[in-house]
Amino acid sequence: MASQTFARAIDTEIIDAQTIADYQRDGAVCVRGAFKGWVDTIAAGIERNIQNRSATASDIANGKGSFFDDYCNWERIPEFVQVVRESPAARLAAAVMRSRTAQFFHDHVLVKEPGTQKPTPWHQDIPYYFVDGQQTVSFWIPIDPVKEATLRLIAGSHKWDKMVLPVRWLNEDNFYAGEGDYRPVPDPDNDPSMKVIEWEMEPGDAILFDFRTAHGARGNMTAARRRALSLRWVGDDAHYVERPGRTSPPYHGHGMQPGQKLREDWFPVIFQS
């Protein structure tokens, strides 16, 4: 496949065939230094986003600190346009998905200020989205060193036969009705059958994970900020799907029908082999 040819061509740079195989097996890998040259650009974009929030931004305070998140801003944040269109992200996405194409879905900024007690609940991304397919990848790119506040993922959860029940992050109540259609929110720290994988990370490292991979994060009880940019991508087999209720992010008036590929004027194909 073209993506495999590309992966062999950059073995000595940022990814290799074993990393791609690990991604397919576990649903997540850490790629060291993939965005090392983009840290300052991402930091400037995150600050611009914080100062120019969208209507969907939230700032959750639960005890000390705060947890800011905002999404779908990349087209109005020049630094994010650069990262999406000019960084290695699209080619990396195509390689790990084993896809000819990498189509950009959306950006997501996540900032946990020092002393933030609020954890990110365990969840999968896929049940929140109006997209389905086997070829998906989300990048989690911290621009601050992270240890305990790093992303945590359940190895192999992208192969579960049922999706995890989606919950609202603010109060963790159900996002949709019909609990029987989903598996309960996991508690891997108290379930020895589940393997949690996590990495201490430096600025510019990136975790790449499947939309179906269950993940979460602890609060940030350090004295430093934890800023991260997520970039979500889909591949050749991705298509629009209807969910039991409203989806997140909210894209109104898209006009797509079940089974259709995502419209490229809204979700551009950034890489094609």
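Remember, it's a predicted structure, so these values are computed and weren't measured experimentally.

Draft legend 1. Here's a closer look at the environment of Q124. Looking at where Q124 falls in the secondary structure, it is placed in the loop between β5 (120–123) and β6 (131–132). A residue is classified by how much of its surface remains accessible, and Q124, at 2% relative accessible area, is buried. When the C-alpha positions of Q124 and F211 are compared, they lie 6.4 Å apart, and in sequence the two are 87 residues distant. If near-sequence neighbours (up to four positions away) are discounted, Q124 is found in contact with S157, W160, K162, M163, V164, F211, R212, T213, A214 and H215. Here V164 takes part through its backbone nitrogen, which lies 2.6 Å from a polar atom of the side chain of Q124. Within the local environment of Q124, its side chain forms a polar contact with the backbone oxygen of R212, the two atoms lying 2.5 Å apart.

Draft legend 2. Examining the nonpolar core more closely. One finds V137, F139, L208, L231 and W233 to be the most contacted residues of the largest nonpolar core, which totals 41 residues. Top element by residues in this core is helix α5 (residues 89–97). It accounts for eight residues.

Draft legend 3. Quick peek at the environment of W74. Assignment of secondary structure puts W74 in the loop between β3 (67–71) and α4 (78–86). When sequence neighbours within four positions are dropped, the list of residues in contact with W74 reads F80, V81, V84, R85, F104, D107 and P268.

Draft legend 4. Spotlight on α5. With eight of nine residues buried, α5 lies mostly within the body of the structure. All buried positions along α5 are accounted for by A89, A90, L92, A93, A94, A95, V96 and M97. One or two steps after α5, the chain reaches R98, where phi turns positive at roughly 55°.

Draft legend 5. Structural context of the confidence of the model for the protein. In this model, the protein carries a mean pLDDT of 90, and residues with pLDDT of at least 70 account for 89%. Within the model, pLDDT remains below 50 along residues 1–12, and this stretch shows 15 contacts once partners closer than five positions in the same chain are excluded.

Draft legend 6. Region of the structure containing the packing of aromatic side chains. A full pass over the atoms with the stated rule returns 16 aromatic pairs. An aromatic cluster is present here, built from F105, Y129, F130, F211, Y240, Y251, W266 and F267 joined pairwise through their rings. In this structure, K112 packs its charged tip against the face of F67, placed 4.9 Å from the ring centre. We note R183 situated over the ring of W160; from NZ or CZ to the ring centre the distance is 3.7 Å.

Draft legend 7. Looking closely at the packing of helix α2 (residues 17–26) against α5. The geometry of α2 relative to α5 is characterised by a closest axis approach of 8 Å and an angle of 65° between their N-to-C directions. Contact with α2, carried on its side by I20, Y23 and Q24, involves A95, V96 and M97 of α5 and no other residues of that element. Here the contact of α2 with α5 is composed, by residue class, of five nonpolar, one polar and no charged.

Draft legend 8. Representation of α4 in the model. Turning to α4, its buried residues number three or more, namely E79, F80, V83 and V84. Down the axis, α4 shows its buried residues gathered within 130° of arc, on one side only. Those residues of α4 that are buried lie in contact with α3 (39–51), β4 (101–112), β12 (226–234) and β14 (269–272).

Draft legend 9. The pattern of salt bridges, seen in detail. Applying the stated criterion to the full structure yields 13 salt bridges. Among the salt bridges present, the one from R232 reaches D125, with a minimum N-O distance of 4.0 Å. Placement of R232 in strand β12 and of D125 in the loop between β5 and β6 is noted, with a sequence separation of 107 residues between them. When its relative accessible area of 5% is taken as the criterion, R232 is described as buried. Salt-bridge contacts for R152 lead to D189; the nearest nitrogen and oxygen are separated by 2.9 Å. Here R152, found in strand β8 (residues 151–154), pairs with D189, found in the loop between β8 and β9 (196–198); they are 37 residues apart in sequence, far enough to count as distant. Looking at R152, the relative accessible area reads 8%, which means it is buried.

Calculation criteria
Residues numbered from 1 in each chain as written. Predicted model: local features only at pLDDT ≥ 70, side-chain atom pairs only at ≥ 80, totals over all residues. Heavy atoms only, no water. Helix = DSSP H or I, 4+ residues; strand = E, 2+ residues; numbered from the N terminus. Buried < 20%, exposed > 50% of the residue type's maximum accessible area, 1.4 Å probe, protein only. Contact = heavy atoms within 4.5 Å. Polar contact = N/O pair within 3.5 Å; in protein donor to acceptor, adjacent residues only side chain to side chain. Core = buried A, V, L, I, M, F, W, Y, C linked by side-chain atoms within 4.5 Å. pLDDT = per-residue confidence, 0-100. Phe/Tyr/Trp six-rings, centres within 6.5 Å; stacked < 30°, edge-to-face > 60°. Lys NZ or Arg CZ within 6 Å of the ring centre and 35° of its normal. Axes fitted to C-alpha atoms, helices over the stretch in contact; angles between N-to-C directions. Nonpolar A, V, L, I, M, F, W, Y, C, P; charged D, E, K, R; others polar. Arc of directions from axis to C-beta. Salt bridge = Lys/Arg side-chain N within 4 Å of Asp/Glu carboxyl O.

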